[in-house]
Amino acid sequence: MSIPLIINPAAGRGAGGRLENGIRAQLAAHGIEIDVIRSKGPGDIATCVATALATKPERILVAGGDGSVHEAVNGWMQAGGSAPLGVIPIGTGNDFAKMLALHTDWREACALIARGKTRHIDVARCNDFYFANSIGIGFDAQVAMAANRMQWLHHKVVYGVALLKVLLWEHHTPTLRVRADGFDVENPVTLVAVHNGRVEGGSFVLAPHAEIDDGLLDVVMAIGMSRLGILGLVPRVLVGSHLSHRGVTAFRTTRVVIESGIGLPVHADGEIRYTDATRLEIEVLPGRLAVIT
């Protein structure tokens, strides 16, 4: 029986379309016969995954970036996922592959899928959708929005340019209330990030101690920082040494509620889910997602 491969032709600034034949040939060389399903636009991958799962395949594969994986995870969860999910990373940041400590080269990913084993990892739910790696409200969501608009820019520099753009022209510190078990704070906040994996935006190690199968979410908050303060923090975030900064608070929890008096942008796995959110209810679902590693 052939394995469904859902591919996003637009992933990686069009890499999905260019690499389809190569991916097909690479998987065939490893003895994997695939049935290629091309996504047609935003939201379509979730539908494709749910439809493919209904045929009860032994595995289901997705080739794309973190946005594609985000949609795939939502389709997988909504369909009561059974077959393990294999990812061929061809996106900009490939945070999901890094979260699983997988090789980000698509050829190596094909080889891994051929010999890989199934692993169960945590996934999280926010309001009415799921996310695999991270969710952010405030500054990092603004950076994600800016990066998504820069389709013309090379993927190796897009997040850095987006960060500088937001820092210069869109910086603000809204007051948020963050509540979890034993934690209740209301403060001007630059960002709140809730992580299952460690890396966001390809290079930013926002949650350096996060584990994908510990049944916990890592919450990282930057309290009301100035532009200069954020700029000084960025080099530390790149190496994951920022948690000792006096303006940063971090804790672990199974559930967190984030509220704002004004509507704010929210990204999940790099995809903009809200532009005017005022309340997020987030909880971890331990070991719920089956992946090929």
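Residues numbered from 1 in each chain as written. Predicted model: local features only at pLDDT ≥ 70, side-chain atom pairs only at ≥ 80, totals over all residues. Heavy atoms only, no water.

Undergrad: Just checking my understanding: could you explain the packing of helix H1 (residues 11-29) against helix H5 (residues 106-115) for this structure?
TA: Pairs of packed helices are described in terms of their axes, by the angle between the two and the distance that separates them. Two elements in contact, H1 and H5, have axes separated by 9 Å at closest approach and are oriented at 35°. Of the two possible hands of crossing, H1 and H5 adopt the one that is right-handed. Contacts between H1 and H5 pair Leu 19, Gly 22, Ile 23, Gln 26 and Leu 27 from the former with Trp 106, Arg 107 and Cys 110 from the latter. Grouping the amino acids of the contact of H1 with H5 by side-chain chemistry returns five nonpolar, two polar and one charged. (Axes fitted to C-alpha atoms, helices over the stretch in contact; angles between N-to-C directions. Helix = DSSP H or I, 4+ residues; strand = E, 2+ residues; numbered from the N terminus. Left-handed = near helix turned anticlockwise from the far one by under 90°. Contact = heavy atoms within 4.5 Å. Nonpolar A, V, L, I, M, F, W, Y, C, P; charged D, E, K, R; others polar.)

Undergrad: Would you mind showing me how to read the pattern of salt bridges here?
TA: Side chains that carry opposite charge are capable of pairing whenever their charged atoms lie near each other. Counted under the stated rule, the structure contains 13 salt bridges. For Arg 125, the salt bridge is made with Glu 283, and the minimal N-O distance between the two is 2.5 Å. Here Glu 283 lies in strand S13 (residues 271-292) and Arg 125 lies in strand S5 (residues 118-126), a separation of 158 residues in the sequence. Residue Glu 283 is classed as partly exposed on the basis of its relative accessible area, which comes to 28%. Between Arg 279 and Glu 259 there is a salt bridge, with the nearest N and O atoms lying 2.5 Å from each other. With a gap of 20 residues between them, Arg 279 in strand S13 and Glu 259 in strand S12 (residues 255-268) connect regions that are remote in the sequence. (Salt bridge = Lys/Arg side-chain N within 4 Å of Asp/Glu carboxyl O. Buried < 20%, exposed > 50% of the residue type's maximum accessible area, 1.4 Å probe, protein only.)

Undergrad: Which parts of the structure should I look at to understand the environment of Arg 125?
TA: Judged by its relative accessible area of 27%, Arg 125 is partly exposed. The spatial distance from the C-alpha of Arg 125 to the C-alpha of Leu 285 is 7.3 Å, given a sequence separation of 160 residues. A polar contact is formed between the side chain of Arg 125 and the side chain of Glu 283, at a distance of 2.5 Å. (Polar contact = N/O pair within 3.5 Å; in protein donor to acceptor, adjacent residues only side chain to side chain.)

Undergrad: What is the right way to read the packing of helix H7 (residues 158-169) against helix H8 (residues 227-239) from this model?
TA: Taken N-terminus to C-terminus, the directions of H7 and H8 make an angle of 160°; their axes are 10 Å apart at the nearest point. With respect to each other, H7 and H8 are oriented roughly antiparallel. Considering the relative orientation of H7 and H8, their crossing is right-handed. Counting all contacts with H7, which are made through Leu 163, Leu 164, Leu 167 and Leu 168, the residues of H8 involved are Arg 227, Ile 230, Leu 231 and Val 234. When its residues are assigned to classes, the contact of H7 with H8 shows seven nonpolar, no polar and one charged. (Parallel < 35°, antiparallel > 145°, perpendicular 65-115°, else oblique.)

The values are spatial; any link to function lies outside them.
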